[in-house]
Every structure is written in C-alpha cells, then in structure tokens.
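Coordinate inspection notes
One-letter residues, chain by chain:
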Amino acid sequence: MADRSAEDRFDPLLLIFAHPDDEAFGCAGMMAAAADAGAHVALICATRGEMGDSSVPNLDDPEILGAVREEELRAAAAAVGVADVRLLDYRDSGMPGSPANDHPRALSRASEALLATRLVVAIRALRPATVVTFGPDGIYGHPDHLVAHRTAVAAVELAADPAFRPELGATWQTAALYFLAIPRDELLAMFEQRGNPNNGMGPDMAERMGTLRDEIDTWIDVSPWAERKRRAMVAHLTQTGEGGPIAEVAEDAMERRLSRETFARVPLPWAADGRDVVATIAARHPFRKP
Ligand SMILES: [Zn+2]
C-alpha cells in the first residue's frame, strides 16, 4: 500500500477475542489498516463458536459447526490481510443458563489463571506494541467475552512482571492496551431493530451493554477498508448468511460498522516505548465524532 515505508513499520498488533466473528464486526477495518501498514497482526480466538446459531442447514452438531467456523474465521482474517490466527481450543459456553455452560471444555469453566498464562506465553513470544480485547462490558455481556477481557488484561500485566514465570520467556511491556468500545446507544438500537429487544437480556444487562460515548477516545475512519471489512463479515457465512443470527443487522447499523471503528485506550502501570498501532492509525485516519 502507498503509506508503507521503512519508517512506518509497526510493531506487532495482537487481538484477543472469544469467538469467530467477534473480530470482524468489531475491528476488521483497523486490522486491515494495520496489516497494510506492515504490522504483523495476530489474532487469538479462544473458542470455535460452537454454540452460535447457523444459517447453514445441518450444522447442528456443535463440533462440526466449530470446524466450519474456524475455516470461516481464517477466511475472514485473510480478507483483511491477517494470516496469524490462533485457536485456543476452548469451547463456546453459549449464553448464561444454556446446557453448554457445563461442557468440560466450556470457556466459562476454564481456569482463568491457566488461560492468562497461555496468553503470557503468546505475548512474550510475539512482543506486541498493542493489544486489543473486549472491555468490561463484553459488548453485550457474553460470558466468554468477559473471560477474554479478564484474562487478556491480566496477561498484559503478567507478561511484564519479572517475578511471573520467568521460564516462560523474557518479560514484555505492551505499549498500549485497547478495549473494543461500541457506543451503547447504537448497540441498543441495533438489538431493538432486530425485533428481539430482550434477546436473553434483562433490563440490567441493557444498562451494561457497550460503552458510553464519553469513554470512547479513539474513533477511526475505516471507510478505505470498507469493502474488505464487508468481505470479512461475509466470510462468516454461518452468522451473516440468510437466516443466520446476524443476517438482519439493519442497513444503517451495517453502514456505521463499515465506516468507522471505536476503541477505548486503557491506562497501563508503565510508560512503554514502542509504537501504538491503534493510535497511529487513528491519527492518520481520524473519524469525526458525531
Ligand atoms: Zn463473541
């Protein structure tokens, strides 16, 4: 791409999410921008999304759906120039109260200490300048999103701690940590438009969905990558195909997701060197907050 030069080279960007498709709607545009700018972009996905609904018939065996969704994830990542996709082999826990919560490999039952340690191994080896994960809202409070949030935040701090498992590699201070931050009002509008305002959520959950606009400090114009982001979303065919769980996202909501992405930078206990990939892209491609 035109804006790639030796001095523009970025340090790696690491994304930590829970299910295939979390990345596509949330930040595929920023992933494409980072990859185009020469950053190594790595995506860690804890599960294969075995408990999602599917637009594709006869995928009611969760393990087969998981295998299909892993391939969809790899195709979606490839659409935005990302080849480094790592599955952690936990299982989608489903929504609270579903029988999948009790599966022995369910992410919500996993040892968070063990998962955080696995993420420390990845961070110390990859040495990312920037890590992006869910915030404490988990977008809409999915228990797997909250596990990803807690363990990713813990791992960023533990990776830098010389007292923590020195046998797992040299310590690494990530320069910047970001949460995916979707404006709460937009999420609520989107859920209502899909004709399913409750969607398994109580009113208290609605109050914890997404991020308040005041807390969103990073708005990126991703319209240059809109077509590739659209391809990434379409690659998740079981989700976005006709009859799939997110096939009916209203056109205006879809256009917003294709035009800009929003993040919240999280303070870290150190001042690290290294280039903040997300901030640099936001500076080059600012989106004017409405
Ligand atoms: Zn998810």
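Above this text is the structure in question.
In this report, the structure presented in the accompanying data block is examined. (Residues numbered from 1 in each chain as written. Predicted model: local features only at pLDDT ≥ 70, side-chain atom pairs only at ≥ 80, totals over all residues. Heavy atoms only, no water.)

Considerations on the overall build of the protein
Just so we agree on the cut-off: Helix and strand assignments follow DSSP, with helices taken as H or I runs no shorter than four residues and strands as E runs no shorter than two, numbered in order from the N terminus. When checking whether two residues touch, look at their non-hydrogen atoms; a contact exists if any pair is within 4.5 Å. The method behind every accessible area is Shrake-Rupley, applied with a 1.4 Å probe, and residues are considered shielded solely by the protein chains displayed. Only four residue types enter the charge count, namely Lys and Arg as positive and Asp and Glu as negative; His and the chain termini do not. To locate a charge, the coordinates of NZ of Lys, CZ of Arg, CG of Asp or CD of Glu are taken.
Summing up its helical and strand segments, the protein has eleven helices and seven strands in all. With respect to the three principal axes, the spread of C-alpha positions in the protein is 45 × 40 × 35 Å. Of all intrachain contacts in the protein linking residues separated by at least 6 positions in sequence, the fraction that spans at least 24 positions is 81%. Taken as a whole, the protein presents about 12400 Å² of accessible surface, with 54% of it coming from carbon and sulfur. Each charge sign in the protein was given a centre, from 30 positive and 44 negative side chains, and these centres are 4 Å apart.

Points about the packing of aromatic side chains
Applicable threshold: Each Phe, Tyr or Trp ring, with Trp reduced to its six-membered ring, pairs with another whose centre is within 6.5 Å; inter-plane angles below 30 degrees give stacked pairs, above 60 give edge-to-face pairs, and intermediate values give tilted ones. Only protein chains enter the accessibility calculation, which uses a 1.4 Å probe. A residue is then buried if its area is under 20% of the maximum for its type, exposed if over 50%, and partly exposed in between. Look at NZ for Lys and CZ for Arg. If either is within 6 Å of the ring centre and within 35 degrees of the ring normal, a charge sits over the ring.
Counted by the stated rule, this structure contains three aromatic pairs. Aromatic side chains Phe 17 and Phe 134 sit 5.1 Å apart centroid to centroid with 65° between the ring planes, which places their arrangement in the edge-to-face category. Of this pair, Phe 17 sits in strand 1 (residues 13-17) while Phe 134 is found in strand 4 (residues 130-134), placing the two residues 117 residues apart along the sequence. A single burial state applies to Phe 17 and to Phe 134, both of which are buried. Where Trp 219 meets Phe 287, the ring centres are 6.3 Å apart and the plane angle is 15°; that geometry is what we call stacked. Of the two residues, Trp 219 is situated in strand 6 (residues 218-221) and Phe 287 in the segment after helix 11 (277-284); the sequence distance between them amounts to 68 residues. The ring of Phe 10 carries the charged tip of Arg 275 above its face, separated from the ring centre by 5.4 Å.

Notes on the coordination of the zinc ion
The criterion, for reference: Shown as donors are all N, O and S atoms within 2.8 Å of a metal ion, widened to 3.2 Å for Na, K and Ca; because water is not in the atom set, sites may appear incomplete.
Coordination of the zinc ion by the protein comes from His 19 (ND1), Asp 22 (OD) and His 145 (NE2), over a distance range of 2.0 to 2.1 Å. Mapped onto the sequence, the donors of the zinc ion take the spacing H-x2-D-x122-H. Of this pair, His 19 sits in the loop between strand 1 and helix 1 (22-36) while His 145 sits in helix 5 (residues 143-159), placing them 126 residues apart in sequence. Of the two residues, His 19 and His 145, neither departs from the other in class, the shared state being buried.

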